[in-house]
Amino acid sequence: MRFLSSRRRHPAAKVLLLVAALFAVGALYAAVAPTEQSSAEPATSQQVKEGQQLFAQNCSSCHGLNGEGTSQGPTLQGVGAAAVDFQVSTGRMPLAQPGEQAPIKPSEFSEQEVAALAAYVDTLGPGPGVPDPSTYSGEGLTDEEIARGGELFRTNCSACHNFTGQGGALPEGKQAPSLVGVSSKHLYEAMLTGPQQMPVFSDEVLTPKDKAQIIAYLQTIHAQPNNGGLSLGGIGPVSEGVVIWTVGIGVLIGFAIWITARGVRSR
Ligand code: HEC
Ligand code: HEC
């Protein structure tokens, strides 16, 4: 630390100081920047309250006022936020008529309301959280890994959903739906929560990586059209943040070094 105390500072001191300042700004940014909604993010009490109200109005007739279950619907204690996100955003819940297979329809609730319902049900007992986009994006999977996803699909899923996921009939008038056009998030949540006759594929049975490979396989063979916009790998705000962050800060550091170098020269 001699160069800091001596009166004529070493030219590198300025650069070091600037880099340190940039890190401080970075740390501050990380602390205040909005983060992607994920299972890790604790729900606000406001959200839970809103969810509880929505639940009382729309769900409690079948699932009980505290999600304890009734003769019309199962208990939701411990099903987790992932099950609610899946059931409500695919339009299965609220069920109109008990007894039939919940039809898939446009959701009655906004994304925010679904998140509130999920946050409330999550407080009833520990269960799987809504997965983070990075777990199902399939980012960086090789062709071999995607092919392995195909093998896993044929072993674990094709008995009900058919070899290419076109869906198929099950006993008692039920059916395993087609998986064409199902979002990666809902594919992941279905495996995680096992709706109706579908088994739960816990992380011990199919690791998150196995699930991601199955999803990548299905998305590849169904080749969904892109929804538009610059996808940046399709994992949304997280990747955008990273790009802005690294490119932006890289430019700033370069600029700072340039200024310092000029300052030293002109002295
Ligand atoms: C008419 C009765 C009825 C209403 C109303 C209803 N449900 Fe259900 N719900 C059911 C039945 C029956 C099942 C089990 C059969 C199935 O999974 O399709 C179920 C299953 C579920 C599951 C899956 C549980 C599991 O073990 O994975 C979730 C989550 C759920 N409901 C959430 C909700 C939410 C949230 C609402 C309100 C927005 C709601 N339900 C409204 C009857 C209902
Ligand atoms: C025993 C039969 C069975 C197996 C095996 C099975 N599923 Fe399912 N799956 C179903 C049934 C039945 C439903 C419909 C549940 C409902 O409507 O509530 C379903 C629903 C789904 C959905 C929701 C589709 C939508 O349109 O919302 C997805 C996604 C899914 N399955 C993926 C898979 C994957 C991936 C595997 C293998 C890892 C798998 N399933 C294995 C029976 C099965």
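Residues numbered from 1 in each chain as written. Chains lettered and ligands numbered in written order. Predicted model: local features only at pLDDT ≥ 70, side-chain atom pairs only at ≥ 80, totals over all residues. Heavy atoms only, no water.

Bound to the iron atom of ligand 2 are the protein donor atoms His161 (NE2) and Met198 (SD), situated 2.0 to 2.2 Å from the metal. Coordination geometry of the iron atom of ligand 2: the six donor atoms subtend angles of 84 to 179° at the metal centre, consistent with an arrangement described as octahedral. You can see His161 sitting in helix α9 (residues 158–161) and its partner Met198 sitting in the loop between α10 (184–193) and α11 (208–222), a full 37 residues away along the chain. What makes His161 buried here is its relative accessible area of 10%. You can call Met198 partly exposed: its relative accessible area is 22%. (Donors = N, O, S within 2.8 Å, 3.2 Å for Na, K, Ca; no water. Tetrahedral: all angles 85-135°; square planar, octahedral: opposite > 155°, others 65-115°. Helix = DSSP H or I, 4+ residues; strand = E, 2+ residues; numbered from the N terminus. Buried < 20%, exposed > 50% of the residue type's maximum accessible area, 1.4 Å probe, protein only.)

Let's shift gears to the site of ligand 1. Cys59, Cys62, His63, Met93 and Gln196 are the nearest of the 18 residues found near ligand 1. Within the side chain of His63, an N or O atom sits 2.7 Å from a nitrogen atom of ligand 1. Within the side chain of Gln196, a nitrogen or oxygen atom sits 2.9 Å from an oxygen atom of ligand 1. Of all the elements in the fold, those that place two or more residues in the shell around ligand 1 are α4 (60–63) and α5 (80–89). Sorting elements by how many residues they give to the shell around ligand 1 places α5 first, with four residues. (Near = heavy atom within 4 Å. Polar contact = N/O pair within 3.5 Å; in protein donor to acceptor, adjacent residues only side chain to side chain.)

Here we come to the coordination of the iron atom of ligand 1. Coordination sphere of the iron atom of ligand 1, protein contribution only: His63 (NE2) and Met93 (SD), at 2.0 to 2.3 Å. Taken together, the six donor atoms coordinating the iron atom of ligand 1 span angles of 87 to 179° at the metal, a pattern that classifies the geometry as octahedral. Residue His63 is located in helix α4, and its partner Met93 is located in the loop between α5 and α6 (111–122); the two are separated by 30 residues in the primary sequence. Residue classification places His63 among the buried residues on the basis of a relative accessible area of 10%. Look at Met93 and you get partly exposed, because its relative accessible area is 23%.

Let us now look at the nonpolar core. Counting 19 residues, the largest nonpolar core has Phe153, Met191, Leu206, Ile214, Ile215 and Leu218 as its most contacted members. For this core, the secondary structure elements donating two or more residues are α8 (143–156), α10 and α11. Tallying contributions element by element places α11 first for this core, with five residues. Among residues more than four places away in sequence, those in contact with Phe153 are Ser158, His161, Asn162, Phe163, Thr164, Gly165, Leu179, Ile214, Tyr217 and Leu218. Grouped together as the second largest cluster of nonpolar side chains are 17 residues, Val48, Leu54, Phe55 and Leu117 included. (Core = buried A, V, L, I, M, F, W, Y, C linked by side-chain atoms within 4.5 Å. Contact = heavy atoms within 4.5 Å.)

Further remarks concern the site of ligand 2. Near ligand 2 you find 26 residues, and of these Arg92, Cys157, Cys160, His161 and Met198 are the closest. Within the side chain of Gln101, an N or O atom sits 3.1 Å from an oxygen atom of ligand 2. Interatomic distance of 2.8 Å between a side-chain N/O atom of His161 and a nitrogen atom of ligand 2. If you list the elements that add at least two residues to the shell around ligand 2, you get α9, β2 (175–176) and α10. Among the elements that take part in the shell around ligand 2, α10 stands out by supplying four residues, more than any other.

A rise of 1.5 Å per residue sets the reference length of α11, with its 15 residues, at 21 Å; its end C-alpha atoms lie 21 Å apart and thus fit the reference within 8%. Taking burial as the measure, the 15 residues of α11 include 11 buried ones, the bulk of the element. All of the buried residues in α11 are Asp210, Lys211, Ala212, Gln213, Ile214, Ile215, Ala216, Tyr217, Leu218, Gln219 and His222. Taken together, the buried residues of α11 touch α7 (133–136), α8 and α10. A positive phi of about 35° marks Ala223, the residue just after α11. (Expected span 1.5 Å × (residues − 1).)

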